[in-house]
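# Results of the structural survey
Here is what each chain is made of, one letter per residue.
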Amino acid sequence: MNVRQFAAVSLSAAILFGGSFTSASAKGGADEKGYKETYGTSQITRQDMKDMINQHGDDKFTVPSFDASTIKNVESATKTDENGNKIKMDVWDTWPLQNADGTVAEYKGYHIVFGLAGDPKNPNDTFIYMFYKKVGDDSIDAWKNAGRVFDDEDKNKANDKYLKGQVEEWSGSALFTDDGEIRLFYTNRGDFDESKELFGRQTLTTAQVNVSEKGDKDLQVDGIEDHKSIFNGGDGKTYENVEKAFEDRNFNNNHTFRDPHYIEDKGRKYLVFEANTGTEYGYSGEDNLYNRAYYGKSMKFFRDELKNLQNSPKKETAELANGAMGIIEINDDYTFKKEKKPLLVSNTVTDEIERPNIFKKDGKFYLFTSTRGSKMTIDGIDDEDIYMLGYVSNSLDGPFKPMNKTGIVLHQDLDPNDITWTYAHYVIPQEESDKFVVTSYMTNRGYFADHKSTFAPSFLLDIKNKKSSVVKDGTLEQGQITYDGQ
């Protein structure tokens, strides 16, 4: 047993059995009350998640029900394999081409979304495709497929050591720049091969996507340029890097570093992304369990919840859980400039707070994240619970306060084998409107022969300061990204 483990075990005994203990590893001065350290970040607390259970079933937060008989695949989502066979692809995480303020951009009379798509029979076939349609036609059949954004050789042309190891392309965001260019931000996922000490490195990456109009009805991808890595964790002090995550070869540790979302503030450029806390911001480990900042304000709740965790099968998962919404500033040429402290953390709750989505509206910053009950450590939340959580701040630096008292914005409790199961909810602000469009994907990959992962029906969300509600009878078309009030 090392010193850190001894300190954690001793502190556990002190808290549970009424003694006192001071631990240097517990931030110095920790006694029978544990210790409290926020590191200047905002927290998704265990108390909030427990209270959120009481909000399950509230229509204001419940993802609308959808009629399974009306759901269509994205018919244009096809590709041809190496043998010339046509494959109908799954389409899951998508994100629109957006202006800097988060509203949907119009490109030469078209709307564009980028999305992950691939062969339903091959879970490793995960690459970014570009879909587009004429502005004004919101039917799912209007979406056309321009094909993969990147050619297989693009990763080798950039002379970038991280790109050369890329095996998959994961989620991100897309900006329509003031110069009329399309700037894509995405996640380069590297190979996982323990024998080669490769552990699936995730790197925030960017490229300019060149697009042109072909005839008067179609768009095509004309290739990419300025393809480069931006950031993958640095020295591990602020955000956990892949070397630190797997230094002890504990593959129960769920490392995340992905989903870059672009935002501007006061003339500066930033990326907000999914990550895990680094060694100087509340790292994972047994000491994590004694930090009262991760529990909430009540001392009684802290004591009771800690005692439950000590005897819980979720104890190890809670120790490792150190999810974060990270942020970096980037230069005008989209290269890395500097790290900033995490905007939001989920230590002891979950390792995964995914797909950050952030924008400024009426002077406030709104931060949303998708997360799964199956990754959580909270009694009363199970594998069928799906959430989109929301937080509000008057400043990009925070603090971020939970919406609807606990952070709940959307909840779904549905069997993953139901074709109307949804995930990766994404809030899109609309021009001159207080209504927001929520998109997601529907149907799990490879579960059905005929039903593919597809654009889910979008729906409307009302947001007023720290309160939100799903709009009654506000269901839209599958994949709809704008709403004109009709």
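The structure we're discussing is the one just above.
Residues numbered from 1 in each chain as written. Predicted model: local features only at pLDDT ≥ 70, side-chain atom pairs only at ≥ 80, totals over all residues. Heavy atoms only, no water.

## Section: the packing of helix α2 (residues 46–53) against helix α5 (residues 299–310)
To describe two helices that pack against each other, one gives the angle between their axes and the distance between the axes. For the pair α2 and α5, the least separation of the axes is 11 Å and the interaxial angle reads 85 degrees. It follows that α2 is roughly perpendicular to α5 by the angle criterion. Of the residues in α5, those touching α2 at Arg46, Gln47 and Lys50 are Phe301, Glu305 and Leu309. (Axes fitted to C-alpha atoms, helices over the stretch in contact; angles between N-to-C directions. Helix = DSSP H or I, 4+ residues; strand = E, 2+ residues; numbered from the N terminus. Parallel < 35°, antiparallel > 145°, perpendicular 65-115°, else oblique. Contact = heavy atoms within 4.5 Å.)

## Quick notes on the sheet that holds strand β14 (residues 258–265)
Here we have five strands laid out as an open sheet, ordered β1-β17-β16-β15-β14, and mixed in their pairing. A strand with exactly one partner marks an edge of an open sheet, and here the two such strands are β1 (42–43) and β14. (Pairing = 2+ DSSP bridges.)

## Considerations on the pattern of salt bridges
Per the counting criterion, the structure on display carries 31 salt bridges. A cluster of three or more residues bridged by salt bridges with shared partners is formed by Arg258, Glu274, Glu352, Glu354 and Arg372. (Salt bridge = Lys/Arg side-chain N within 4 Å of Asp/Glu carboxyl O.)

## Regarding the sheet that holds strand β6 (residues 127–134)
Strand-to-strand pairing in sheets goes through backbone hydrogen bonds, with the strands running parallel or antiparallel. Across the sheet, eight strands lie side by side as β7-β6-β5-β4-β8-β9-β12-β13; this open sheet has mixed pairing. The open sheet has two edge strands, β7 (144–148) and β13 (218–231), and neither has a second partner. The mean inter-strand angle of the sheet, taken between neighbouring strand axes irrespective of direction, is 30 degrees. The sheet contact formed by strand β8 (residues 166–176) and strand β9 (residues 182–190) spans eight bridges and is antiparallel. By the bridge assignment, Phe176 is partnered in β9 with Ile182.

## What to know about a negative patch on the surface
Judged by side-chain charge, Asp178, Asp179, Glu181, Glu225 and Glu264 come together as a negatively charged surface patch. As for its placement among the helices and strands, Glu264 is situated in strand β14. A relative accessible area of 31% places Glu264 in the partly exposed class. (Patch = residues over 30% accessible without salt bridge, like charges linked within 9 Å, V, L, I, M, F, W, Y side chains within 5 Å. Areas by Shrake-Rupley, 256 points an atom, 1.4 Å probe, with all protein chains shown as cover. Lys, Arg positive; Asp, Glu negative; His and termini not counted. Charge placed at Lys NZ, Arg CZ, Asp CG, Glu CD. Buried < 20%, exposed > 50% of the residue type's maximum accessible area, 1.4 Å probe, protein only.)

## Focus: α5
Working note: α-helix, 3.6 residues per turn, so residues spaced by three or four point in the same direction. Between its first and last C-alpha, α5 extends 17 Å over twelve residues, near the 16 Å set by a 1.5 Å rise per residue. Those residues of α5 lying buried are Phe301, Phe302, Glu305, Leu306, Leu309 and Gln310. Along the long axis of α5, the arc covered by the buried residues comes to 160 degrees, so they all point the same way. Along α5, exposed side chains directed more than 90 degrees from the buried face belong to Lys300 and Lys307. (Expected span 1.5 Å × (residues − 1). Arc of directions from axis to C-beta.)

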